[in-house]
2 protein chains.
Amino acid sequence: MKLNGVADLPEISPGDDIAALVAERAALEPGDVLTVASTIVSKAEGRTADLADYPVSGRAQEIADRIEAVAGEEKDPRFAQAVLEESTELLIDCPFLLAETRFGHIAPNAGIDRSNVPDHDLLLLPKRPSESAERIRAGLAQQGIEGIAVIVTDTCGRPFRHGQRGVAIGWAGMPASRDWRGERDRDGHELGVTVQSVVDELAAAANLITGEGAGGTPAVVIRDWDFGDHAGSDELFRAVEDDFIRQALREWRFDD
Amino acid sequence: MKLNGVADLPEISPGDDIAALVAERAALEPGDVLTVASTIVSKAEGRTADLADYPVSGRAQEIADRIEAVAGEEKDPRFAQAVLEESTELLIDCPFLLAETRFGHIAPNAGIDRSNVPDHDLLLLPKRPSESAERIRAGLAQQGIEGIAVIVTDTCGRPFRHGQRGVAIGWAGMPASRDWRGERDRDGHELGVTVQSVVDELAAAANLITGEGAGGTPAVVIRDWDFGDHAGSDELFRAVEDDFIRQALREWRFDD
């Protein structure tokens, strides 16, 4: 398995064709996985915004006031409003915002980025990243490059462990997971573990090259990796019924 | 960046020298990262056990009884006892056991495996996986192979997202994280995100080759990846003071 960054991608602007820009710079082959950082997908899709675009609701003002009162940290209520508009649920509303985006991904601030964007205040995540991945895949096919899987990646932190890591937020041309159900280990025991989130592992691998800031290398080509002869599944984001930690968060409130 | 599985490792037994077995099968070079699945590290360290080794305490019996009463699932109280003995805290005790191991890793059942082990009931995680990694690294150095970083990996699930992914539980010869603090994106904004957990990303990448069951390929060589010119940090496991989700779990109890 090999990973190579796509070199010399230009700064991306609204309307740019990422598939074409990648195809000009990388000799893609059938079976390759192309990872694309959400930063450049968002820029191509014009998902920039300004704080002035978010008139503050009562709820956003409350959130900002409470974070300031309890955590002693200044929070722009317009930013809280942007997070509310990009999300369906706040899992934590103080001392920071942990939100479920409209497409199911859970991330601090609904994944809204305050760096990485010139001339605007905010960079929002793509609206429907799996559709973005599918569009890039179709764009490559249009150039005659067939059989490429595309993963739109983000980086975020996680419970229990320090640090950020790359994750998939959208994918096309491959299932999200390998399902090992019913398969056996080499001693013949049935495997207790059933689902391996390969899109997340591919995103994590690519992030070793992309790094933070998505500076020079927001797109990575992964070659000679094989999904193998396993069942696939497209579930990636857990629903609350299926996630005890989300349930616990519903009953919890931060104390100072 | 390239990843290659170490082919043809034999079934590992207590006392086996993993460094020597890998060195015979892979031409390692300075700068390589070697990932080793915890299953084979545990086997080499004799970390197998049997349910009969765990006389049941009152707490273990209570846990098993409650899981049966509330979740309707049979739980062997001896297994609950094994989890208690391998952990310092249960974050969730019903309907499943989410435990912090003695070395700080949080995993269902304290990472105790009921598959992957012939002739015994249980395979425990290595006692101190970073020391295991350091021993493998020292073993390689003894063979004249210097400058290898070693990561001991596990797979486990996580909140918010379906599926398992590879994670690091021990490491030697490199820092756990890259620290981007103070660095800037290409638009000159200071990066909000500061710490990238590269050992977890390397473990996730390797798990694309290892897969579940750790069947044929429990060791992977990663070449041509560079930590780069960043500060490093060795924090990987969050303390409870630093983790709101652990705090929320302390106040939560599963309801049927």
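Residues numbered from 1 in each chain as written. Chains lettered and ligands numbered in written order. Predicted model: local features only at pLDDT ≥ 70, side-chain atom pairs only at ≥ 80, totals over all residues. Heavy atoms only, no water.

**Some details on the sheet that holds strand β13 (residues 231-233) of chain B**
Residues and elements named next belong to chain B.
Then step 1. Pairing in this open sheet of three strands is antiparallel, and the strands run β11-β10-β13 from one edge to the other. For this open sheet the edge positions go to β11 (195-196) and β13, each flanked by a neighbour on one side alone.
Then step 2. Across three bridges, strand β10 (residues 177-179) lies against β13 in antiparallel orientation. Within β13, the residue paired with Ser177 across the bridge is Ser233. (Pairing = 2+ DSSP bridges. Helix = DSSP H or I, 4+ residues; strand = E, 2+ residues; numbered from the N terminus.)

**Let's talk about the UniProt feature "binding site: a divalent metal cation 2" (unreviewed entry) in chain A**
Then step 1. UniProt tags Thr155 and Glu212 of chain A as "binding site: a divalent metal cation 2" (unreviewed entry).
Then step 2. With respect to the helices, strands and loops of the structure, Thr155 of chain A is situated in strand β8 (residues 149-156). (UniProt positions renumbered as here; feature names shortened; annotations may be inferred.)

**Quick notes on the pairing of strand β9 (residues 165-172) of chain B**
All names here are of chain B.
Then step 1. Summarising burial for β9: eight of the eight residues are buried, a large majority.
Then step 2. Strand direction decides the pairing type here: strand β8 (residues 149-156) and β9, joined by seven bridges, are antiparallel. Looking at β9, one finds that Asp154 is bridged to Val167. (Buried < 20%, exposed > 50% of the residue type's maximum accessible area, 1.4 Å probe, protein only.)

**Examining the environment of Pro95 of chain B**
Then step 1. Relative to the assigned elements, Pro95 of chain B resides in the loop between β4 (87-92) and β5 (98-101).
Then step 2. The sequence separation of Pro95 of chain B and Asp8 of chain B amounts to 87 residues, and the corresponding C-alpha distance is 39 Å.
Then step 3. Residue contacts for Pro95 of chain B: discarding those within four places in its chain leaves Phe244 of chain A together with Ile67, Ala71, Glu73 and Phe254 of chain B. (Contact = heavy atoms within 4.5 Å.)

**Observations concerning the packing of helix α1 (residues 18-25) of chain B against helix α5 (residues 129-142) of chain B**
Residue and element names in this part refer to chain B.
Then step 1. For the pair α1 and α5, interaxial distance at closest approach is 8 Å and the crossing angle is 50 degrees. Relative to α5, the element α1 lies oblique. Between α1 and α5 lies a crossing of right-handed hand. Mapping the contact onto sequence places Ile18, Ala19 and Ala23 in α1 and Ile136, Gly139 and Leu140 in α5.
Then step 2. Residues of the contact of α1 with α5, tallied by class, amount to five nonpolar, one polar and no charged. (Axes fitted to C-alpha atoms, helices over the stretch in contact; angles between N-to-C directions. Parallel < 35°, antiparallel > 145°, perpendicular 65-115°, else oblique. Left-handed = near helix turned anticlockwise from the far one by under 90°. Nonpolar A, V, L, I, M, F, W, Y, C, P; charged D, E, K, R; others polar.)

**A look at the pattern of salt bridges**
Then step 1. This model, assessed by the stated rule, comprises 34 salt bridges over all chains.
Then step 2. The closest approach of N and O atoms between Glu134 of chain A and Arg137 of chain A, which form a salt bridge, is 4.0 Å. Here the residue Glu134 of chain A and the residue Arg137 of chain A both occupy positions in helix α5 (residues 129-142), the gap between them amounting to three residues, near one helical turn.
Then step 3. Assessed through its relative accessible area of 39%, Glu134 of chain A is described here as partly exposed.
Then step 4. Put simply, Lys2 of chain B and Asp224 of chain B hold a salt bridge, and the shortest N to O gap is 2.6 Å. Separated by 222 residues along the polypeptide, Lys2 of chain B in strand β1 (residues 2-5) and Asp224 of chain B in the loop between β12 (219-223) and β13 bring together distant segments of the chain.
Then step 5. One network of salt bridges, in which partners are shared, links Glu89, Glu100, Arg246 and Arg250 of chain A. (Salt bridge = Lys/Arg side-chain N within 4 Å of Asp/Glu carboxyl O.)

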